[in-house]
Amino acid sequence: MPPRRSHRADPKQLQQRLLIWYRRNKRDLPWRKTGDPYRILVSEIMLQQTQVVTVIPYYRRFIKTFPTVSSLARAPLQKVLKLWEGLGYYSRARNLHRAAQVIKERWKGKVPSTVEELSALPGIGRYTAGAVASIAFNIKTPILDGNVRRVLCRIFAIRKAPRQAVVQDRLWSLAAEILPEQNVGDFNQALMELGATVCLPRTPSCMICPLRESCRAYQTGLQDRLPIRVKRRTLPHHKMLVALIQNGRGLLIGPRPERGLLAGLWGFPEIDWKEATTSLQIEEAIKNRLGLKTNLLRPLEPVVHTFTHKRITYHPYLFNCISTQNRLPASWQWIPLDKIADYPLPNATRKIFDQIATDRLPLAAEQPAVYRKRKNVLGERQDA
Ligand code: SF4
């Protein structure tokens, strides 16, 4: 039986080995070529919940468009969201935009350097504040993201689920205890890099790991079993009807609510399937909400999107607008197909739109006979 007490790695040895390994093996990433705190901040926000390979082109485009805090602070939010389109977790873009405005106003355009000051900015939590403070300003402060958590759980053979609050506290303490006096930014990045490239979740490459002599999990054969995995709960699944309504000028799109899921992006009208499932009910819902009389033309392919807390299957349908009572909210607009891509759209909306993006208006009905007034459009039990 392996000992139950967590093993104390020699911090000096661990620091030295990890830093040497990092200097030899670190990936050539665009945000590692700069000491500019603003660019490091942008990269850290983009990297939250997102893989490096996905972030690289977004980071390049973003920095090219907004090379300074001031340029980002001055930009319209729609432009920021458009550049963020496809990267997901759009609250990050809104918060980054707001943070740039605070930095410009309160800090005269200079990113603050302490963890406390950084943590006071919109959307910046303990991890991001620590990463920016240590990488951009070499402040001695720990970080704990998913990669570091895994590496520490293995090095110190922590046999409790790492998401527990008490274990989180312990991991933050360990991350602080092993920090060197100098090269803190490199050391923190090295820990993340090791987790991302060597100490992988399912198949850690211990044979090439610079820390295997300090690693309790490796020495006791527990590397494949740590950190303790907690079974993920099944996400609730929702269905949503999406109405692509055309008239002679274009498709109807509008801004999503300012708060909540995908706030600030644009999209087509959505109707909860509990509210309406037959074509008649959907047309009635569109009339009540937008004052438009419509006629269902045909379905498009459903699109499934998984958010952190739920899955939604979007069932898109194409409608003709027959007449309007002029009750459309001012923000809703009829946009030609070739201009819709100029608006920031969520991923699922983009996939729906891509199905007709190269068509010409008016979009034709292909199966009008199938979608009679009382047909249940989800293909489920038909109303009497
Ligand atoms: S020895 Fe293996 S388990 Fe330990 S830190 Fe290295 S890769 Fe991870």
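On a predicted model such as this, the values are computed, not experimentally measured, just so you know.

### Comments concerning the domain arrangement of the protein
Then, in step 1: Partitioning the protein into structural domains gives domain 1 (11-219) and domain 2 (237-354).
Then, in step 2: Between domain 1 and domain 2, the C-alpha centre-to-centre distance is 37 Å.
Then, in step 3: Taken together, the contact between domain 1 and domain 2 spans 8 residues of the former and 15 residues of the latter.
Then, in step 4: Contact between domain 1 and domain 2 buries roughly 870 Å² in total, counting both sides, with carbon and sulfur atoms accounting for 49%.
Then, in step 5: The interface formed by domain 1 and domain 2 holds 1 salt bridge in total.
Then, in step 6: Salt-bridge contacts for Arg350 lead to Glu85; the nearest nitrogen and oxygen are separated by 2.6 Å.
Then, in step 7: One can count 7 residue pairs in polar contact (both at pLDDT 80 or more) joining domain 1 with domain 2.

### Thoughts on the packing of aromatic side chains
Then, in step 1: Enumeration according to the criterion identifies 4 aromatic pairs in this entry.
Then, in step 2: Arranged with centres 5.8 Å apart and planes meeting at 85°, the rings of Phe62 and Trp84 form a pair that is edge-to-face. On the criterion of sequence distance, the pair formed by Phe62 in helix H3 (residues 52-65) and Trp84 in helix H5 (residues 77-84) is long-range, its members being 22 residues apart.
Then, in step 3: A residue is classified by how much of its surface remains accessible, and Phe62, at 0% relative accessible area, is buried.
Then, in step 4: Taken together, a centroid distance of 4.8 Å and an interplanar angle of 55° make the contact between Trp266 and Tyr343 tilted. Highlighted residues: Trp266 in strand S3 (residues 266-267) and Tyr343 in the loop between helix H14 (337-340) and helix H15 (347-354), separated in sequence by 77 residues. Like Trp266, the residue Tyr343 is buried in the burial classification.
Then, in step 5: An aromatic cluster of three or more residues is present, and its members are Phe62, Phe66 and Trp84.
Then, in step 6: Over the face of the ring belonging to Tyr58 we find Arg61, whose NZ or CZ atom lies 4.9 Å from the ring centre.
Then, in step 7: Above the ring of Trp273, the side-chain terminus of Lys239 is found at 4.6 Å from the ring centroid.

### A closer look at the site of the ligand
Then, in step 1: Taken together, Arg154, Cys199, Pro204, Cys206, Cys209, Arg212, Cys215, Tyr218 and Gln223 make up the full set of residues near the ligand.
Then, in step 2: A per-class count over the shell around the ligand returns 6 nonpolar, 1 polar and 2 charged.

### Describing the nonpolar core
It is characteristic of soluble globular proteins that their nonpolar side chains tend to be buried jointly.
Then, in step 1: Within the largest apolar cluster, 101 residues are counted, with the highest numbers of intra-cluster contacts made by Tyr38, Met46, Phe62, Trp84, Leu194, Leu244 and Leu251.
Then, in step 2: Setting aside its immediate chain neighbours within four residues, Leu244 contacts Leu251, Phe268, Leu300, Pro316, Tyr317, Leu318, Phe319, Ile352 and Ile356.
Then, in step 3: One finds Ala243, Ala285, Leu296 and Tyr317 within the second-largest nonpolar core, a separate group that totals 17 residues.

### Details of the pattern of salt bridges
Then, in step 1: Under the criterion given, the structure shown has 11 salt bridges.
Then, in step 2: In this structure, the salt-bridge partner of Arg23 is Asp186, at a minimum N-O distance of 3.6 Å. Pair noted here: Arg23 is in helix H1 (residues 11-25) and Asp186 is in helix H11 (residues 184-197), with a separation of 163 residues, a long-range link.
Then, in step 3: Across the salt bridge formed by Glu85 and Lys82, the nearest N and O atoms sit 2.9 Å from each other.
Then, in step 4: Here Lys82 falls in the partly exposed class, since its relative accessible area comes to 25%.
Then, in step 5: Linked by salt bridges that have partners in common, Arg27, Arg32 and Glu193 make up one network.

### Considerations on the environment of Ile245
Then, in step 1: By the secondary structure assignment, Ile245 is in strand S1 (residues 237-246).
Then, in step 2: Sequence separation between Ile245 and Leu363 is 118 residues; the distance between their C-alpha atoms is 9.9 Å.
Then, in step 3: For Ile245, the residues in contact, after removing those within four places along its chain, are Gly250, Leu251, Leu252, Pro269, Ile286, Leu290, Leu292, Thr294, Phe319, Cys321 and Trp334.

### Some points on the environment of Pro302
Then, in step 1: Along the polypeptide, Pro302 turns up in the loop between strand S5 (292-299) and strand S6 (303-306).
Then, in step 2: Taking C-alpha positions, Pro302 is 9.7 Å from Met240, a pair spaced 62 residues apart along the chain.
Then, in step 3: Not counting residues up to four positions away in its chain, the partners in contact with Pro302 are Thr313, Tyr314, His315 and Pro316.

### Here's the deal with the packing of H5 against helix H6 (residues 91-106)
Then, in step 1: Where H5 meets H6, the axes come as close as 9 Å, and the angle between the chain directions of the two elements is 135°. The pairing of H5 with H6 is recorded here as oblique in orientation. Here the hand of the crossing between H5 and H6 comes out right-handed. Side by side, H5 and H6 meet where Leu77, Val80, Leu81 and Trp84 of the first sit next to Arg92, Ala93, Arg94, Leu96 and His97 of the second.
Then, in step 2: Class assignment for the residues of the contact of H5 with H6 results in 6 nonpolar, 1 polar and 2 charged.

Thresholds applied
Residue positions are given per chain, counted from 1 along the sequence in the order it is written. For a predicted model such as this one, the threshold for reporting local features is a pLDDT of at least 70, and the threshold for listing and counting side-chain atom pairs is 80 or more; totals across whole chains, interfaces and linings nevertheless cover every residue. As a rule here, side-chain values come from all non-hydrogen atoms in the structure, and water together with hydrogens is ignored. Start and end points for every domain follow an automatic or database-based domain assignment. By the convention used here, residues are in contact when the closest approach between their heavy atoms is within 4.5 Å. Buried area adds together the accessible area that both of two parts lose upon being put together, with accessible area traced by a 1.4 Å probe. Only one rule defines a salt bridge in this text: a Lys or Arg side-chain nitrogen within 4 Å of an Asp or Glu carboxyl oxygen. We call two N or O atoms a polar contact when they sit within 3.5 Å, provided that within protein one can donate a hydrogen and the other can accept it, with sequence-adjacent residues counted only if both atoms are side-chain atoms. By convention, a stacked pair of Phe, Tyr or Trp rings (six-membered ring in the case of Trp) has centres within 6.5 Å and planes under 30 degrees apart, an edge-to-face pair has planes over 60 apart, and any other such pair is tilted. Helical segments are the DSSP runs of H or I of at least four residues, strand segments are the runs of E of at least two, and each set is numbered from the N terminus. Working definition: with a 1.4 Å probe on protein chains only, accessible area under 20% of the residue-type maximum means buried, over 50% means exposed, and in between means partly exposed. Only when the NZ atom of a Lys or the CZ atom of an Arg is both within 6 Å of the ring centre and within 35 degrees of the ring normal do we say a charge sits over the ring. A single heavy atom is enough: if one lies within 4 Å of a molecule or strand, its residue is considered near that molecule or strand. Under the grouping applied here, Gly and all other residues not named as nonpolar or charged are polar, the nonpolar ones being Ala, Val, Leu, Ile, Met, Phe, Trp, Tyr, Cys and Pro and the charged ones Asp, Glu, Lys and Arg. Remark: nonpolar core denotes a set of buried residues (Ala, Val, Leu, Ile, Met, Phe, Trp, Tyr, Cys) joined through side-chain atoms within 4.5 Å. Lines fitted to C-alpha atoms define the axes here, with helix axes fitted over just the stretch in contact, and angles between the N-to-C directions of these axes take values from 0 to 180 degrees. Comment on the angle field: the value is read as roughly parallel under 35 degrees, roughly antiparallel over 145, roughly perpendicular from 65 to 115, and oblique elsewhere. Put simply, a crossing is left-handed when the front helix is turned counterclockwise from the back one by less than a right angle, and right-handed when it is turned clockwise.

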